[in-house]
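Coordinates in review
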Amino acid sequence: MRSLTLPFAIVFVPQMALATIQHGMGVLAPAITNAAGLPPEAVGLIGGLAGLGSVWLFAASGAVIPVMGAVRALILACLLGAGAAALFVTAQPLVIFLAAPLAGFAYGITAPAGSQLLARHIPKRLWGTAFSLRMAGVPAGGAIAGIAGAGLAASVAWQAGLIAILLPALAGGLFLAFWAGAFREVGRNGWPRLAAILAPRNLIQPFATLRSMPGLPLLALASLGFAAAQASSFVFLTTYLTDGLGFSLALAGSLFATMQVASFLGRIGIGLVADRLGAVRRVLVLLGVASAIGVVALAHTRADMPTFMLFAGAAAIGASVATWNGLFLAEVARAAGDGDVAAATSAATFFTFIGYSATPPAFAALALAAGYRVAYLAAALCVLAAAAALTWRRA
């Protein structure tokens, strides 16, 4: 059992810690943008820049993970993410816009490094469950951000909420450093070169990897739609509820946390179901339809709804729009076959995070022009198209 639980913990802890920062930027966005003198819709730009940072990591992962090894790369991610989050305390727009892509770059490391570790140390028959359990760290981090981050921001100060969302990353880095010696990972145990990370030729690598692995292009394309539904639901949630519907930040944060808890439980359950049925692709299609329904339900939320309906709806939406990620990564690992799982994951999630980075500014523009409801309905159409694409051909 220890041979399974330790590598899983090594992957889960940084996933949760970095997700706390990613979600925390959205949860605290109303307070941060107000302190920085920015309009509420600036959360779209912050989210887009964070996504752009992740996109660059996926393009340049060959200059990071093979050089450092997966575990050391995850330690770097924890420290870099915490440092980037700390910069938000300045409340200076330029500093915020520089810190957001750094936080996104750090978060991006968790996908290829985590997939490489799981694929190497977990039996293939358990991949659906293991990858989904690992991705359950994302809503777990979101729950921490919603409860601790928003709670402290409302009761003490938004800076206190910021400290709460970066502490898990510091603790995670220490945890990984303690256990790093237990793993003999592929890598030169060196430090990545900044010139190699920033090299423009990195942008070609994801396309080359997709061409070399026939099952990846369809998965990468479909992930754009799933990412649009999830990003629009989570990045804008507290801003939508406070600015659009007039909810308090404390209530909005509680609803955000509820969505995250539901997503956490849903990811665990959906992984077990997919492995039991042996039909990961089919379950992904069903999740696409459920995600579209969840986004439509969010678009029709009203301020006069009873509190129990708000929380029940938040749970249902969280269980629908954010339970696909683990199954997607398990399918990517299978499509890699005997190839490099980290490279395959980087290539596929390169396009996923293009969806994550493009959705917030596009959603903000559409919300300003036509309202939140129209923007959410557009996101629902995107994920429906993704579900349809997965039915056309099986990798």
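Residues numbered from 1 in each chain as written. Predicted model: local features only at pLDDT ≥ 70, side-chain atom pairs only at ≥ 80, totals over all residues. Heavy atoms only, no water.

What follows covers the environment of Ala-333. Assignment of secondary structure puts Ala-333 in helix H17 (residues 325-336). For the pair Ala-333 and Ala-343, spaced 10 residues apart in the sequence, the C-alpha separation amounts to 9.8 Å. (Helix = DSSP H or I, 4+ residues; strand = E, 2+ residues; numbered from the N terminus.)

One pass over the full model with this rule turns up 16 aromatic pairs. Relative to Phe-363, the ring of Phe-236 lies with its centre 4.5 Å away and its plane at 35°, an arrangement referred to as tilted. Placement of Phe-236 in the loop between helix H12 (216-234) and helix H13 (237-244) and of Phe-363 in helix H18 (residues 341-370) is noted, with a sequence separation of 127 residues between them. In terms of burial, Phe-236 and Phe-363 fall into one category: buried. With 5.6 Å between their ring centres and 55° between their planes, Trp-324 and Phe-328 make a pair best called tilted. You can call Trp-324 buried: its relative accessible area is 1%. Note on Phe-328: relative accessible area 4%, which makes it buried. Each residue in the set Phe-236, Tyr-240, Phe-363, Tyr-372 and Tyr-376 is aromatic and connected to the rest through ring pairs, giving one cluster. Its guanidinium or amino end placed over the ring of Trp-191, Arg-72 lies 5.2 Å from that ring's centre, counting from NZ or CZ. (Phe/Tyr/Trp six-rings, centres within 6.5 Å; stacked < 30°, edge-to-face > 60°. Buried < 20%, exposed > 50% of the residue type's maximum accessible area, 1.4 Å probe, protein only. Lys NZ or Arg CZ within 6 Å of the ring centre and 35° of its normal.)

Viewed as axis vectors pointing N to C, H12 and H18 meet at an angle of 35°, and their least axial separation amounts to 8 Å. Viewed along their axes, H12 and H18 form a crossing whose handedness is right-handed. Between H12, through Leu-216, Ala-220, Ser-223, Leu-224, Ala-227, Ala-228, Gln-230, Ala-231 and Ser-232, and H18, the contact on the second element is made entirely by Ala-344, Ala-348, Phe-351, Thr-352, Ile-354, Gly-355, Tyr-356, Thr-359 and Phe-363. Partitioned by chemical class, the residues of the contact of H12 with H18 number 12 nonpolar, 6 polar and no charged. (Axes fitted to C-alpha atoms, helices over the stretch in contact; angles between N-to-C directions. Left-handed = near helix turned anticlockwise from the far one by under 90°. Contact = heavy atoms within 4.5 Å. Nonpolar A, V, L, I, M, F, W, Y, C, P; charged D, E, K, R; others polar.)

By the secondary structure assignment, Thr-129 is in helix H7 (residues 127-135). Among the residues examined, Thr-129 registers a relative accessible area of 13% and is labelled buried. Residue contacts for Thr-129: discarding those within four places in its chain leaves Gly-271, Leu-272 and Asp-275.

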